[in-house]
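# Fold and geometry: a report
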Amino acid sequence: MSQLTHITTSGEAHMVDISAKSETVREARAEAFIEMQAETLAMIIAGDHHKGDVFATARIAGIQAAKRTWELIPLCHPLLLSKVEVRLEAQTEHNRVRIESCCRLAGKTGVEMEALTAVSVAALTIYDMCKAVQKDMVIGPVRLLEKRGGKSGNFRVEA
């Protein structure tokens, strides 16, 4: 197992120094699910929610969250993201919404945390908008699907 990069040899948390790293194109994709009752999902799909377009709001929240990940997760670097995409798909056969994000940049550190934060906040936004209708929605799993670029190489979840 590799050494934890955010812990010093004396066990203290620290921000990793990336100043000597080369800039490369880096990309990460993540997904999350939010399960709900069929009636709640039908309301979202039909656009009948009194607060407005649930998917549009969740998409914007996910994009904004990716851009601000460094403010939310200790020891993350502020990043100049060149792309953040958040896609939402109603899966009526499972009474859930699948959320997928893609984050990209040319930089010195990866964008995995940004991709994971985007889908997490998008799912939380759906919950927030729909909690008056249903309080027992379930978020999860949240996982990294793919990572490309950087020193540690590529990673992909097998389908």
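Residues numbered from 1 in each chain as written. Predicted model: local features only at pLDDT ≥ 70, side-chain atom pairs only at ≥ 80, totals over all residues. Heavy atoms only, no water.

The name given to the protein chain in an unreviewed UniProt entry is Cyclic pyranopterin monophosphate synthase, with the source organism recorded as Xenorhabdus eapokensis. The record held by UniProt for the protein chain lists under Pathway (unreviewed entry) the comment "Cofactor biosynthesis; molybdopterin biosynthesis." Database annotation for the protein chain, UniProt heading Function (unreviewed entry): "Catalyzes the conversion of (8S)-3',8-cyclo-7,8-dihydroguanosine 5'-triphosphate to cyclic pyranopterin monophosphate (cPMP)." (UniProt positions renumbered as here; feature names shortened; annotations may be inferred.)

## Some thoughts on the side chain of Thr117
Here Thr117 lies in helix 4 (residues 112–130). Looking at Thr117, the relative accessible area reads 10%, which means it is buried. From its side chain, Thr117 meets the backbone oxygen of Met113 in a polar contact 2.7 Å long. Apart from the residues within four sequence positions on either side, Thr117 is in contact with Ala65, Thr69, Leu72 and Ile73. (Helix = DSSP H or I, 4+ residues; strand = E, 2+ residues; numbered from the N terminus. Buried < 20%, exposed > 50% of the residue type's maximum accessible area, 1.4 Å probe, protein only. Polar contact = N/O pair within 3.5 Å; in protein donor to acceptor, adjacent residues only side chain to side chain. Contact = heavy atoms within 4.5 Å.)

## Things to note about helix 4
Between its first and last C-alpha atoms helix 4 spans 28 Å; for 19 residues at 1.5 Å apiece the expected length is 27 Å, and the two agree. Residues of helix 4 that are buried include every one of Glu114, Ala115, Leu116, Thr117, Ala118, Val119, Ala122, Ala123, Thr125, Ile126, Met129 and Cys130, and no others. (Expected span 1.5 Å × (residues − 1).)

## Let's talk about helix 1 (residues 38–46)
Those residues of helix 1 lying buried are Thr40, Leu41, Met43 and Ile44. Summarising the axial view, the buried residues of helix 1 lie within an arc of 155°, below the 170-degree limit, and thus occupy one face. Exposed and oriented more than 90 degrees from the buried face of helix 1 are Glu39 and Ala46. Gly47 sits one or two positions beyond helix 1 and adopts a positive phi of about 75°. (Arc of directions from axis to C-beta.)

## Focus on the UniProt feature "domain: Molybdopterin cofactor biosynthesis C (MoaC)" (unreviewed entry) in the protein chain
In this numbering, the UniProt entry assigns the feature "domain: Molybdopterin cofactor biosynthesis C (MoaC)" (unreviewed entry) to residues 15–150. End C-alpha to end C-alpha, residues 15–150 measures 17 Å, and it is 34% helix and 32% strand.

## Observations regarding the sheet that holds strand 1 (residues 24–35)
Pairing is antiparallel across the open sheet formed by five strands, whose spatial order is 2-3-1-4-5. Two strands close off the open sheet at either side, each with one partner strand: strand 2 (83–91) and strand 5 (155–156). As paired strands, strand 1 and strand 4 (residues 138–148) are joined by eight bridges and run antiparallel to one another. By the bridge assignment for strand 4, Glu35 is matched with Val138. The strands that helix 2 (residues 54–67) touches are strand 2 and strand 3 (96–107); relative to strand 2, the one it contacts most, it runs at about 145°. (Pairing = 2+ DSSP bridges. Axes fitted to C-alpha atoms, helices over the stretch in contact; angles between N-to-C directions.)

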